[in-house]
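Understanding the architecture of this molecule
Spelled out from the first residue to the last, the chains are:
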Amino acid sequence: MEERHAAKLEICDTLEAIADSLPAGVDRHRCLVMAALLLPTLREAHAYEEQTIFPVFARREDRAGSVRRLCAEHVEDESLAEELTEMLLHVGHGGEIANPEALGFMLRALFEAMRRHIAFEREHVVPIARRAMRTPASRLTASSRRAPRADRGSER
Ligand SMILES: [Fe+2]
C-alpha cells in the first residue's frame, strides 16, 4: 500500500507541474505519459486496497463508515481521472488548450483530493493494516471480541 501511495504521490506532483505550466509552457509529452499512467495506476491501487487492505482495516465495525467513504472517494477520483485522461490525450497530441483555467481546475481538484485521501490512509489505515497483517487472524478476531461467546462452553 505504501509503494502504491508513493506512486500516486509522484503522479500528483506531475499533475501539479502540468497545471502550473498551463497553457504556454505545457510539456505535451508529459501529458501523454500521464494519460497512459493515470487511470491504470489508480485502478490497480484502488482494487488492491479494496480487496486486500480494507477488509483487514474494517474488522472493527466502527471503521465501516471510513471504508465506505474511502471507496466512494476511489470512484470519484477514477471518474475525474477518466475525464482528465481524455483532456491530457488531446493536449498530448498537440490539441489546442481552449480553456486552460478549466483544465487547471480539474487537475488541481484531482491531485488535491488524492493527496488528502492518501494522507488519511497513511495516518489511519496503514498503521492498523500493518499491525493486523503481522497478527494471525484468529488472534485478531478473538481480541476484538468484547465478551466471550455465550454459545460455547455450555457444551461440556
Ligand atoms: Fe485509497
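Predicted model only: the values in this text are computed from it and were never measured.

Criteria and cut-off values
Residues numbered from 1 in each chain as written. Predicted model: local features only at pLDDT ≥ 70, side-chain atom pairs only at ≥ 80, totals over all residues. Helix = DSSP H or I, 4+ residues; strand = E, 2+ residues; numbered from the N terminus. pLDDT = per-residue confidence, 0-100. Contact = placed C-beta atoms within 7 Å. Expected span 1.5 Å × (residues − 1). Bend = angle between axes of the 7 residues up to and from the residue. Buried ≥ 20, exposed ≤ 12 C-beta atoms within 10 Å, placed from the backbone.

1. Section: unusual backbone geometry
- At the junction of Leu-22 and Pro-23, the peptide bond is cis and its omega measures out at -5 degrees in the coordinates.
- You can see Pro-23 is positioned in the loop between helix H1 (2-21) and helix H2 (28-57).

2. Overview of the confidence of the model for the protein
- Here the protein averages 89 in pLDDT, while 87% of its residues score no lower than 70.
- For residues 142-156, every residue scores under 50 in pLDDT, and the model assigns this stretch 2 contacts once sequence neighbours within four places are set aside.

3. Re H2
- Here H2 contains 30 residues, and its C-alpha end-to-end distance of 40 Å stays within 8% of the 44 Å for a straight helix at 1.5 Å per residue.
- At Glu-50, H2 shows its largest kink, close to 40 degrees.
- The complete set of buried residues in H2 reads Cys-31, Met-34, Ala-35, Leu-38, Leu-42, Ala-45, Glu-49, Ile-53, Phe-54 and Phe-57.
- If you follow the buried residues of H2, they end up packed against H1, helix H3 (64-92) and helix H4 (100-134).

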